[in-house]
Amino acid sequence: MEITLTREFRFDAAQSLDVFPEGHKCRNLHGHTFLLRISVTGEVDPKTGMFYDHAKIAEVVRPLVDLLDHSYLNDIEGLSVPTIENMVHWFWQKLECRLPGLSEIVLYETPTTWCSYRGPGA
């Protein structure tokens with residue numbers, strides 16, 4: 001049986017998006033409380049009834065979340081333009097080799113605005 005497990009993380013960070021036109025509110029320094037969802041997909045082991053230890057996801061993701069929490073995202077290497085599109089790709093690049101079965105990353109910028117990424121070629 002194939003299943004998908006998802007673990008959530010939250011962090012607060014500031015950003016400015018100078019790629020937006022003059023006068024756009026997101027061009028200015030502003031912040032968000034981000035909600036990050038990391039999903040892994042794979043087969044359940046019939047002997048254990050498990051696919052993945054949730055703690056393993058946290059062990060791998062938490063250092064990245066801690067790096068971003070209460071930071072200015074533009075100063076983070078690889079996030080000089082910290083749109084949610086670029087951020088989900090950044091997370092994917094950091095996690096794909098460390099989380100076998102990584103299947104989707106979803107990043108909420110607000111409760112009504114988010115971006116999802118399923119990797120190259122998905």
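As a reminder, the structure under discussion sits directly above these lines.
This is a predicted model, so every value here is computed, not measured.

The subject of this paragraph is the pairing of strand β2 (residues 30-43). For strand β1 (residues 2-15) and β2, the ladder comprises 14 bridges, and the chain directions are antiparallel. Bridging from a neighbouring strand, R7 pairs with I38 of β2. Sheet topology note: the β2/strand β4 (residues 102-110) ladder contains six bridges and is antiparallel. What sits directly across from L36, in β4, is L107.

In sheet architecture, strand pairing relies on hydrogen bonds along the backbone and comes in two forms, parallel and antiparallel. Judged by pairing direction, the sheet is mixed, and its five strands sit side by side in the order β3-β1-β2-β4-β5 without closing on themselves. Sheet topology places β3 (71-72) and β5 (113-117) at the edges, where each strand pairs with a single neighbour. Pairing between β4 and β5: five bridges, direction antiparallel. Along β5, the bridge assignment pairs Y108 with W114. Its contacts with the sheet place helix α1 (residues 54-68) against β1, β2 and β3, and it is angled at close to 15° to β1.

Taking 1.5 Å per residue, 12 residues should reach 16 Å; helix α2 (residues 84-95) reaches 16 Å between its end C-alpha atoms and fits that length. Along α2, the residues classified as buried are I84, M87, V88, W90, F91, W92 and L95. The elements touched by buried residues of α2 are β1, β2, α1, β4 and β5.

On to α1, then. In a regular helix each residue adds 1.5 Å, so 15 residues correspond to 21 Å; α1 covers 21 Å between its end C-alpha atoms and thus fits that length. Against the buried residues of α1 lie β1, β2, β3 and α2. Of the residues that open α1, the one with a side-chain oxygen 2.9 Å from the backbone nitrogen of A55 is D53. Phi for H70, located one or two positions after α1, is positive at around 55°.

Glancing now at the packing of aromatic side chains. Under the defined criterion, the tally for this structure stands at six aromatic pairs. Their ring planes at 20° and their centres at 5.0 Å tell us that F11 and F34 sit as a pair that is stacked. Note that F11 is positioned in strand β1 and F34 in strand β2, a separation of 23 residues in sequence. On the basis of relative accessible area, F34 is assigned to the buried category, the value being 0%. Pairing W90 with F91 gives two aromatic rings, centres 5.1 Å apart and planes at 80°, and the pair type is edge-to-face. With respect to class, W90 is no different from F91; both count as buried.

Conventions we followed
Residues numbered from 1 in each chain as written. Predicted model: local features only at pLDDT ≥ 70, side-chain atom pairs only at ≥ 80, totals over all residues. Heavy atoms only, no water. Pairing = 2+ DSSP bridges. Helix = DSSP H or I, 4+ residues; strand = E, 2+ residues; numbered from the N terminus. Contact = heavy atoms within 4.5 Å. Axes fitted to C-alpha atoms, helices over the stretch in contact; angles between N-to-C directions. Expected span 1.5 Å × (residues − 1). Buried < 20%, exposed > 50% of the residue type's maximum accessible area, 1.4 Å probe, protein only. Polar contact = N/O pair within 3.5 Å; in protein donor to acceptor, adjacent residues only side chain to side chain. Phe/Tyr/Trp six-rings, centres within 6.5 Å; stacked < 30°, edge-to-face > 60°.

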